[in-house]
Amino acid sequence: MENNKESKTILELKNVTKRFAGLVAVKDLSLKMKERTIHSLIGPNGAGKSTVINMITGLLPLTDGEIYHRDTKISGMKAYQIAQTRCSRTFQNLKLYRSMTVKENIMTGMMMDMHQGFLPFMFDFKKARQEDKAMNEKADLILKFIGLQELSNEYPANMPYGKQKLTELARSLMLEPSLLFLDEPAAGLNPSERVEFVDIIMKVFESGIDIFLIEHNMDVIMNISDDITVINFGSKIAEGTPEQIQEDPLVIEAYLGDRYKKEHGKGGRKCLK
Amino acid sequence: MQVLIQLLITGIAMGFIYALVAIEYTIIWNATGLLNFSHDKFILFGAYMFAGTYVLSLGLPPVIAVLCTIITMFLFGIVSAFVIFNPLSRLSTNLFAVIGTVILGRIITEAVRLIWGPLPFSLDGFLKGSYKIGSVVVSRSHVIIILVCTLITVSLQLFFKFTKTGKAMRCVSENKTAASLMGVNVSINIALTVGISAVICAIIGILVVPIFNVELQMSSMIGLKGFASGVIGGFGHLPGAILGGILLGVVEIFGSMIIPSVYKDCLSFILLIIFLLIKPSGLLRDRK
């Protein structure tokens, strides 16, 4: 998809700063993510990428600045309130429920839309069962969409890492997000798993969900992103399309290196296969 | 044979009490990551509230007194969660948090001593009597304990498995960060968990009133044995807590047939040490 200059802003960071005691992890960062785009945030290790995503999703308070999701100011909100604005995320280090099966894990993503109280459950068992049935059907659809239906009754610990990552992605989709944050989705995956994961990310995007991506793998980033923001030492050093980023001397110096430019052609969305 | 059946019922009844204590330990541990060493004092508080205030002072009928105690203890649990458990669970080290719960226990004990006095008392006629089934005579209080504990255990299992709040509690117990990102208000959830746990403590306190005198030490041994049941069954595992409790109750009763009954408490703690040394994960913990 080509960038649409007229499209609305779905996420906006205004002069966001995060300090941990004397360390400035993110400094005066501003960025705008347009609707119906895949927006990537890249930078060297320790640049502050995960801190940014943690602040957006409410896991870390901001020291300064403001964050908006569409027209709602989400900075200052708790994580569960931000989730209620239909933002969901995955983690670099998986946070699955180990005692639950894949399907049970996925169904927890529907927590906000459940209405089963204890008394209704005791005295209106039929209604509770109907809701349970609806949840099961929705989980089955997501499992099929992600390609995990064969593993629905498996426990996460018994599955390959790639499938665990897909489970976490599926759980976040149960929330019916309008904006999905993916924190290093390709990390730890082998090449075939990576290709499979990228295909699924594209399917998710095409289903109408906007994606904010943090990733180290440049093949993934340059091939699926519409816009890229590059940060280093917590400050923005560049932003633009994949083509612009690959030509940016500051980015080449701080992150990509000359070799990357020589080995890879121009970016733009294309299939990794 | 009748004696064996009677002993078995007594053992199961006490086992259910231990199981409920272990469940209470377990749900607080799962929700906050804290070992609540003040929970036996919650039991004490519940028993005094029921017997001392609602029945003896206010003269309420037992059923109404039970309901009032449950409501009061639920509110007490919610307040404790916001004032004590939530802040303690955020501390960087669990050691301070555990000490915090021990101190909370001391505060409750001293409050009970100040409010109701240091002298023991009992409730005449409350759950007294027995049932005769064939040639077997069973104490009424033991039958009520088994029925009530079974009802609570089944209700809790259904609550955790099928209701929104119960499912949210399971999520919080496993991963607070993930739960909050699924839209769960973790602080409220922890408060509800502590509230439910306080209600369980109150019910335990009420159920043991006919067995022990209402006095300041009435819940100390129950608290320790409940902890032992949790470890034996598999800490943090609800069905394990039930199995551990019943096993402990039955072993304790039948053990007292072999060794002098004054040593029956030792038997429970020897069993605890054996499990800690040989199978620290407990009976059911590592099954998945």
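For clarity, every value in this text was computed on a predicted model and none was experimentally measured.

Engineer: Requested: an account of the overall build of chain A, with residues and values cited.
Structural biologist: For chain A, the helix and strand inventory stands at 10 helices and 10 strands. A total of 273 residues make up chain A; the buried ones form 53% of that total. Counted over contacts in chain A with a minimum sequence separation of 6, partners at least 24 positions apart contribute 69%.

Engineer: Please provide a residue-by-residue account of the interface of chain A and chain B, values included.
Structural biologist: If you look at the interface, chain A gives 29 residues, while chain B gives 24 residues. Contact between chain A and chain B buries roughly 2,500 Å² in total, counting both sides, with carbon and sulfur atoms accounting for 66%. The interface formed by chain A and chain B includes 0 salt bridges. In this assembly, chain A and chain B are joined by 5 residue pairs in polar contact (both at pLDDT 80 or more). Of all the secondary structure elements, the ones that give two or more residues to the side of chain A that touches chain B are helix H2 (79-84), helix H4 (118-123) and helix H5 (125-146) of chain A. Among the elements that take part in the side of chain A that touches chain B, H2 of chain A stands out by supplying 4 residues, more than any other. Here the residues of the side of chain A that touches chain B are counted per class, giving 15 nonpolar, 8 polar and 6 charged.

Engineer: Give a detailed account of the sheet that holds strand E2 (residues 23-34) of chain A, specifying residues and quantitative values.
Structural biologist: All names here are of chain A. Taken in spatial order, the 4 strands make up an open sheet running E2-E1-E4-E5, and their pairing is antiparallel. The open sheet has two edge strands, E2 and strand E5 (72-73), and neither has a second partner. Examined bridge by bridge, strand E1 (residues 9-20) and strand E4 (residues 64-69) share 5 bridges and lie antiparallel to one another. Its bridge partner being in E4, Leu 11 is matched across the sheet by His 69. Packed on one face of the sheet, helix H1 (residues 49-56) meets E1, E2 and E4 and runs near 115 degrees to E1.

Engineer: Please set out helix H10 (residues 238-258) of chain B residue by residue, giving values where relevant.
Structural biologist: Residue and element names in this part refer to chain B. For H10, spanning 21 residues, the distance from its first C-alpha to its last is 31 Å, which sits close to the expected 30 Å at 1.5 Å a residue. Considered for burial, the residues of H10 that qualify are Leu 238, Gly 240, Ala 241, Ile 242, Gly 244, Gly 245, Leu 248, Gly 249, Glu 252, Ile 253 and Gly 255. Where H10 is buried, its residues touch helix H1 (2-32), helix H5 (140-162), helix H9 (220-233) and helix H11 (264-278).

Engineer: Can you explain the side chain of Ser 88 of chain A? Please cite residues and give values.
Structural biologist: Mapped onto the elements, Ser 88 of chain A comes out in strand E6 (residues 87-89). Beyond its immediate stretch of four places on either side in the chain, Ser 88 of chain A contacts Ser 172, Leu 175, Pro 177, Leu 179, Leu 180 and Phe 181 of chain A.

Engineer: Please set out a nonpolar patch on the surface residue by residue, giving values where relevant.
Structural biologist: Residues Leu 91, Leu 95, Phe 96, Ile 99, Ile 103 and Ile 107 of chain B make up a contiguous nonpolar surface patch of roughly 580 Å² in combined accessible area. Examined against the element boundaries, Phe 96 of chain B turns out to sit in helix H4 (residues 94-116).

Engineer: Before we move on, could you go through the nonpolar core and cite the residues and values that matter?
Structural biologist: By size, the foremost hydrophobic cluster in this structure holds 135 residues, and its most contacted members are Ile 146, Leu 169 and Ile 211 of chain A together with Ile 23 of chain B. Sorting elements by how many residues they give to this core places helix H8 (residues 186-208) of chain B first, with 15 residues. Among all residues touching Leu 169 of chain A, those that are not within four sequence positions of it are Thr 90, Ile 146, Leu 180, Leu 182, Phe 197 and Ile 200 of chain A.

Engineer: Mind laying out H11 of chain B, listing which residues take part and the relevant values?
Structural biologist: All names here are of chain B. Across its 15 residues, H11 extends 21 Å between first and last C-alpha, which sits within 8% of the 21 Å expected from 1.5 Å per residue. All of the buried residues in H11 are Ser 268, Leu 271, Leu 272 and Phe 275. Looking down the long axis of H11, one finds its buried residues gathered within 100 degrees of arc, a one-sided arrangement. Turned more than 90 degrees away from the buried face of H11, the exposed residues are Leu 277 and Ile 278.

Engineer: Can you break down the pairing of strand E9 (residues 227-232) of chain A residue by residue, with the values?
Structural biologist: Residue and element names in this part refer to chain A. Here E9 lies mainly inside the structure; 6 of its 6 residues are buried. Burial of E9 is two-sided: the residues Asp 227, Thr 229 and Ile 231 facing one way and the residues Ile 228, Val 230 and Asn 232 facing the other way are all buried. Taken together, the 4 bridges between strand E3 (residues 38-42) and E9 define a ladder with parallel strand orientation. Following the sheet pairing, His 39 is matched in E9 by Asp 227. Pairing of E9 with strand E10 (residues 235-240) involves 5 bridges; the strand directions are antiparallel. When the bridges of E10 are listed, Asn 232 appears paired with Ser 235. The loop that links E9 with its antiparallel partner E10 comprises 2 residues; one of these, Phe 233, has a positive phi angle of about 50 degrees.

Engineer: An account of the confidence of the model for chain B is requested, with residue identities and associated values reported.
Structural biologist: Predicted coordinates in regions of low pLDDT should not be interpreted in detail. All names here are of chain B. Summary statistics for chain B give a mean pLDDT of 87 and a share of 98% for residues scoring 70 or more. When the elements of chain B are averaged for pLDDT, strand E1 (residues 130-133) gives the smallest value, 84, and helix H2 (residues 39-57) the largest, 94. Across the interfaces of the predicted complex, the ipTM metric reaches 0.79, alongside a pTM of 0.80.

Engineer: I'd love a proper account of the packing of aromatic side chains, names of residues and values included.
Structural biologist: Tallying each qualifying case throughout the model produces 12 aromatic pairs over all chains. Here the aromatic rings of Phe 159 of chain B and Phe 160 of chain B are separated by 5.5 Å at their centres, their planes lie at 65 degrees, and the arrangement is edge-to-face. You'll find Phe 159 of chain B and Phe 160 of chain B in the same group, each marked buried. Three or more aromatic residues link up through ring pairs in this structure, and these residues are Phe 42, Phe 45, Tyr 48, Phe 76, Phe 85, Trp 116 and Phe 121 of chain B. In this structure, Lys 203 of chain A is placed above the aromatic ring of Phe 145 of chain A, and the distance from its NZ or CZ to the ring centre is 4.7 Å.

Parameters at a glance
- Residues numbered from 1 in each chain as written.
- Chains lettered and ligands numbered in written order.
- Predicted model: local features only at pLDDT ≥ 70, side-chain atom pairs only at ≥ 80, totals over all residues.
- Heavy atoms only, no water.
- Helix = DSSP H or I, 4+ residues; strand = E, 2+ residues; numbered from the N terminus.
- Buried < 20%, exposed > 50% of the residue type's maximum accessible area, 1.4 Å probe, protein only.
- Contact = heavy atoms within 4.5 Å.
- Buried area = accessible area lost by both parts, 1.4 Å probe.
- Salt bridge = Lys/Arg side-chain N within 4 Å of Asp/Glu carboxyl O.
- Polar contact = N/O pair within 3.5 Å; in protein donor to acceptor, adjacent residues only side chain to side chain.
- Nonpolar A, V, L, I, M, F, W, Y, C, P; charged D, E, K, R; others polar.
- Pairing = 2+ DSSP bridges.
- Axes fitted to C-alpha atoms, helices over the stretch in contact; angles between N-to-C directions.
- Expected span 1.5 Å × (residues − 1).
- Patch = residues over 30% accessible without salt bridge, like charges linked within 9 Å, V, L, I, M, F, W, Y side chains within 5 Å.
- Areas by Shrake-Rupley, 256 points an atom, 1.4 Å probe, with all protein chains shown as cover.
- Core = buried A, V, L, I, M, F, W, Y, C linked by side-chain atoms within 4.5 Å.
- Arc of directions from axis to C-beta.
- pLDDT = per-residue confidence, 0-100.
- Phe/Tyr/Trp six-rings, centres within 6.5 Å; stacked < 30°, edge-to-face > 60°.
- Lys NZ or Arg CZ within 6 Å of the ring centre and 35° of its normal.

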